[in-house]
Amino acid sequence: MHHGSIERHVDRQTYRKVVGRFATGVAIVTTRIGDIDHAMTVNSFTSVSLHPLLVLFCAEKVARFHDAVLEAGVWGVSVLPESMEDASRFFAHRGRPLNGQLTSWPHHRGESGVALFDAALATVECGTHAVHPGGDHSIIVGAVTALGTPAEGSPLIYHEGQYRKL
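Residues numbered from 1 in each chain as written. Predicted model: local features only at pLDDT ≥ 70, side-chain atom pairs only at ≥ 80, totals over all residues. Heavy atoms only, no water.

> Could you give an account of helix α3 (residues 64-72), with specific residues and numbers?
Working note: α-helix, 3.6 residues per turn, so residues spaced by three or four point in the same direction. Looking at α3, one finds that the buried residues are Phe65, His66, Ala68 and Val69. Where α3 is buried, its residues touch β2 (27-33), β3 (36-42), β5 (53-60), β6 (74-79), β9 (122-134) and β10 (137-148). Downstream of α3 by a residue or two, glycine 73 has a phi angle that is positive, lying close to 80°. (Buried < 20%, exposed > 50% of the residue type's maximum accessible area, 1.4 Å probe, protein only. Helix = DSSP H or I, 4+ residues; strand = E, 2+ residues; numbered from the N terminus. Contact = heavy atoms within 4.5 Å.)

Quick look at the structure:
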């Protein structure tokens, strides 16, 4: 069946409602160019492969973070605990100032120099392995270069357009 004919019967509002029923964790992806940190909240973080170790996230092409992460070639993922809902909301907001945006949340530098949050349940550092087109997003696949479990706690969950707790 031709994909165009299927798409005509599915509206974006229904699509968002349906895919929003898939509960996800929440993470902040970070990168660094020069001495400027870039960060973006994602719920599209996924493990891809064990051989080699690969993960992915999706970045909207119009987001400032998209071009920054492609230029840098290295990035970090901080999987958020319930206590970092405020950070998740902040880093999901478009157009915030870049300078000093991380100062409200304790963080450390990973092996690649990217910021990783001290309260994260898990951290993953990556070098960009591949970038695939994904409509208005890019699917950015990373080869894992370092792993961490900085803190314990319950994960922040996103479901049906709202933050949830387990």
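Having seen the structure, we can now continue with the description.
> Requested: an account of the packing of aromatic side chains, with residues and values cited.
Scanning all chains against the criterion turns up seven aromatic pairs. Arranged with centres 4.9 Å apart and planes meeting at 90°, the rings of phenylalanine 90 and phenylalanine 91 form a pair that is edge-to-face. Given a relative accessible area of 31%, phenylalanine 90 falls into the partly exposed group. What links up through ring pairs into an aromatic cluster is the set Phe90, Phe91, Trp105 and Phe117. Just above the ring of phenylalanine 90 sits the side chain of arginine 96; from NZ or CZ to the centre is 5.7 Å. (Phe/Tyr/Trp six-rings, centres within 6.5 Å; stacked < 30°, edge-to-face > 60°. Lys NZ or Arg CZ within 6 Å of the ring centre and 35° of its normal.)

> An account of the pattern of salt bridges is requested, with residue identities and associated values reported.
Applying the stated rule across the entire model yields six salt bridges. Between aspartate 37 and arginine 32 there is a salt bridge, with the nearest N and O atoms lying 2.9 Å from each other. Taking relative accessible area as the criterion, aspartate 37 reaches 12% and is therefore assigned buried. Classification of arginine 32 by relative accessible area gives partly exposed; the value is 26%. Measuring nitrogen to oxygen at the nearest pair gives 2.5 Å for the salt bridge that ties glutamate 60 to arginine 94. Here arginine 94 lies in the loop between α4 (85-92) and β7 (107-109) and glutamate 60 lies in strand β5, a separation of 34 residues in the sequence. (Salt bridge = Lys/Arg side-chain N within 4 Å of Asp/Glu carboxyl O.)

> Run through the sheet that holds β6, naming residues and quoting values.
Strand order in this open sheet of seven strands is β3-β2-β6-β9-β10-β5-β4, and the pairing throughout is antiparallel. A strand with exactly one partner marks an edge of an open sheet, and here the two such strands are β3 and β4 (46-50). On average, each strand axis in the sheet is tilted by 35° relative to the strand beside it, whichever way the strands run. Sheet topology note: the β9/β10 ladder contains eleven bridges and is antiparallel. Bridged to histidine 132 within β10 is isoleucine 139. Contacts from α4 reach β2 and β3 within the one sheet, and its direction differs from that of β3 by about 105°. (Pairing = 2+ DSSP bridges. Axes fitted to C-alpha atoms, helices over the stretch in contact; angles between N-to-C directions.)

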